[in-house]
Amino acid sequence: MNSTQRATSMAALLGVAGTMHFLRPGPFDAIVPPQLGDRRLITYASGVAELGCAALLAVPATRRAGGVCTAALMLAVYPANIYSVKRYWHRPTARTIALARLPLQVPLVRTAWRIAREA
């Protein structure tokens, strides 16, 4: 996969995920650690951030910034992934999905950083 394809794929992934924050916010609300405050506000803010990163990645002139912002965003949402493991620990299927998401964040950060470096 070349750099443009990576950026386009990441932009599509973020675009879909960001849109889902607004169409079906409930599942996202559920994994926001409660100590962070208003869950719905955080869900919407992270949806805006994902859509913003998608837009930056989609435009070649802003792709470097988009890669950096996407890598930072993937790191910023990691506490929600950790919290989801804790929240769903007693539900085997949900726990398995939550645990599987933890290492998946690593290739997302690496890919975003690679996009930034190659732009």
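Look up a bit, the structure's there.
What follows deals with the overall build of the protein. Helix and strand counts for the protein come out as six helices and zero strands. In the protein, the succession of α and β elements from N to C terminus is α-α-α-α-α-α. Oriented by its inertia axes, the alpha-carbon framework of the protein measures out at about 45 × 25 × 20 Å. Residue pairs at least 24 apart in sequence account for 63% of intrachain contacts in the protein once pairs closer than 6 positions are excluded. For the protein, the computed accessible surface area is about 6900 Å², with 68% contributed by carbon and sulfur atoms. Positive and negative side-chain charges in the protein, numbering 14 and 4 respectively, have mean positions lying 8 Å apart.

Here we take up the pattern of salt bridges. Within the structure shown, the criterion is met by three salt bridges. Put simply, D29 and R40 hold a salt bridge, and the shortest N to O gap is 2.5 Å. A residue pair is termed long-range when its members are at least 10 positions apart, and D29 in helix α2 (residues 25–30) and R40 in helix α3 (residues 39–58) qualify at eleven residues. For D29, a relative accessible area of 11% translates into the label buried. Owing to a relative accessible area of 35%, R40 belongs among the partly exposed residues under this scheme. As a salt-bridge pair, E118 and R114 come within 2.9 Å of each other at their nearest N and O atoms. Of this pair, E118 and R114 both sit in helix α6 (residues 92–118), four residues apart, roughly one helical turn. Each of R6, R114 and E118 takes part in one network of salt bridges that share partners.

On to the packing of aromatic side chains. Summed over all chains, the structure comprises one aromatic pair. Sitting over the face of the ring of W89, R95 holds its NZ or CZ atom 4.9 Å from the ring centroid.

Another aspect to go through is the packing of helix α1 (residues 3–23) against α3. Between α1 and α3, the least distance of the axes is 8 Å, while the angle of their chain directions is 155°. Between α1 and α3, the angle is such that the two are roughly antiparallel. The handedness of the crossing between α1 and α3 comes out as left-handed. On α3, the residues touching A7, M10, A11, L14, G15, A17, G18, T19, H21 and F22 of α1 are T43, Y44, S46, G47, V48, E50, L51, C53, A54, L57 and A58. Class assignment of the residues belonging to the contact of α1 with α3 gives a composition of 13 nonpolar, seven polar and one charged.

This next bit is on the nonpolar core. In terms of nonpolar packing, the biggest core is built from 13 residues, with M10, L14, L57, M74 and I115 touching the most fellow members. Counting only elements with at least two residues in this core, the list comes to α1, α3, α4 (63–76) and α6. Ranked by the residues each element gives to this core, the list is headed by α1, at four residues. Apart from residues no more than four positions distant in its own chain, M10 is found in contact with L57, T70, L108, T111, A112 and I115. Counting residues in each nonpolar core, the second largest holds five residues, with A30, I31, A80 and Y88 among its members.

Calculation notes
- Residues numbered from 1 in each chain as written.
- Predicted model: local features only at pLDDT ≥ 70, side-chain atom pairs only at ≥ 80, totals over all residues.
- Heavy atoms only, no water.
- Helix = DSSP H or I, 4+ residues; strand = E, 2+ residues; numbered from the N terminus.
- Contact = heavy atoms within 4.5 Å.
- Areas by Shrake-Rupley, 256 points an atom, 1.4 Å probe, with all protein chains shown as cover.
- Lys, Arg positive; Asp, Glu negative; His and termini not counted.
- Charge placed at Lys NZ, Arg CZ, Asp CG, Glu CD.
- Salt bridge = Lys/Arg side-chain N within 4 Å of Asp/Glu carboxyl O.
- Buried < 20%, exposed > 50% of the residue type's maximum accessible area, 1.4 Å probe, protein only.
- Phe/Tyr/Trp six-rings, centres within 6.5 Å; stacked < 30°, edge-to-face > 60°.
- Lys NZ or Arg CZ within 6 Å of the ring centre and 35° of its normal.
- Axes fitted to C-alpha atoms, helices over the stretch in contact; angles between N-to-C directions.
- Parallel < 35°, antiparallel > 145°, perpendicular 65-115°, else oblique.
- Left-handed = near helix turned anticlockwise from the far one by under 90°.
- Nonpolar A, V, L, I, M, F, W, Y, C, P; charged D, E, K, R; others polar.
- Core = buried A, V, L, I, M, F, W, Y, C linked by side-chain atoms within 4.5 Å.

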